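Letter by letter, the chains look like this.
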Amino acid sequence: MIYGIGSDIIEINRFINPGNNFLNKVYTHNELMLLRKSAQSLAGNFAAKEAVAKALGTGFSGFGAKDIEILRNPSGAPVVTLYGGALKLYKDNKCSNIHVSISHNKEQAIAFAVIEGGG
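Residues numbered from 1 in each chain as written. Predicted model: local features only at pLDDT ≥ 70, side-chain atom pairs only at ≥ 80, totals over all residues. Heavy atoms only, no water.

**Student:** Please explain the overall build of the protein chain as it appears in this structure.
**Tutor:** Check the secondary structure of the protein chain and you find four helices and five strands. Helices and strands in the protein chain line up, N terminus first, as β-α-α-α-β-β-α-β-β. In summary, the protein chain has a C-alpha radius of gyration of 14 Å against a globular reference of 14 Å for 119 residues, a match within 12%. Overall size of the protein chain, expressed as C-alpha extent along the three principal axes, is 40 × 25 × 25 Å. With 119 residues in all, the protein chain has 40% of them scored as buried. Look at the contacts in the protein chain between residues 6 or more apart in sequence, and 57% of them connect residues 24 or more apart. Of the roughly 6500 Å² of accessible surface on the protein chain, a fraction of 51% belongs to carbon and sulfur atoms. (Helix = DSSP H or I, 4+ residues; strand = E, 2+ residues; numbered from the N terminus. Rg over C-alpha atoms; globule rule 2.2 N^0.38 Å. Buried < 20%, exposed > 50% of the residue type's maximum accessible area, 1.4 Å probe, protein only. Contact = heavy atoms within 4.5 Å. Areas by Shrake-Rupley, 256 points an atom, 1.4 Å probe, with all protein chains shown as cover.)

Put into structure tokens, the structure is as follows:
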């Protein structure tokens, strides 16, 4: 059963030379190590965080961007780990799995998220 879906699209140029305050507010340490400040990767991960927040049905209400961590599995596919308020919402609604897809071209990054469960 599908609990929720979410998508987001964002301009990559917004992530060229982002300030450290922004980076530290939005991304976990592990994400920053993985993304290495690549504008395309930062934008893609940000879009994925937004998509997951929308799929949870709340947007960023009751939790922040760092409560959604997007890393990669060995084959490069995005893997989501939730913390804090996002994890509580996920568990309270008996969710069981999160699927995320991220893509970009030169100007924009897009992400789509599907959360299973809620039964």
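**Student:** Quick question: what am I supposed to make of the environment of N45 here?
**Tutor:** On the secondary structure map, N45 appears in helix α3 (residues 39-55). We classify N45 as buried; its relative accessible area is 0%. Between the C-alpha atom of N45 and that of G57, which follows or precedes it by 12 residues, the distance is 19 Å. Once residues lying within four places of it in the same chain are set aside, the contact partners of N45 are Y27, E31, L35, I70, R72 and I102.

**Student:** What's the story with the sheet that holds strand β5 (residues 108-117) in this structure? I'm lost.
**Tutor:** For sheets, the rule is that strands pair by backbone hydrogen bonds, running either parallel or antiparallel. Spatially, the three strands line up as an open sheet ordered β1-β5-β4, and their pairing is antiparallel. Two strands close off the open sheet at either side, each with one partner strand: β1 (2-11) and β4 (95-104). Going from strand to strand, the sheet's axes swing by 10° on average, the running direction of each strand aside. Relative to β1, α3 is tilted by about 150°, and along the sheet it contacts β1, β4 and β5. (Pairing = 2+ DSSP bridges. Axes fitted to C-alpha atoms, helices over the stretch in contact; angles between N-to-C directions.)

**Student:** For this particular structure, what's the right way to read the pattern of salt bridges?
**Tutor:** All told, the structure shown has three salt bridges when counted by the stated rule. Of the charged contacts, one joins D8 and K54 as a salt bridge, the two residues approaching to 3.1 Å between their closest N and O atoms. Separated by 46 residues along the polypeptide, D8 in strand β1 and K54 in helix α3 bring together distant segments of the chain. By relative accessible area, which is 13% here, D8 ends up buried. (Salt bridge = Lys/Arg side-chain N within 4 Å of Asp/Glu carboxyl O.)

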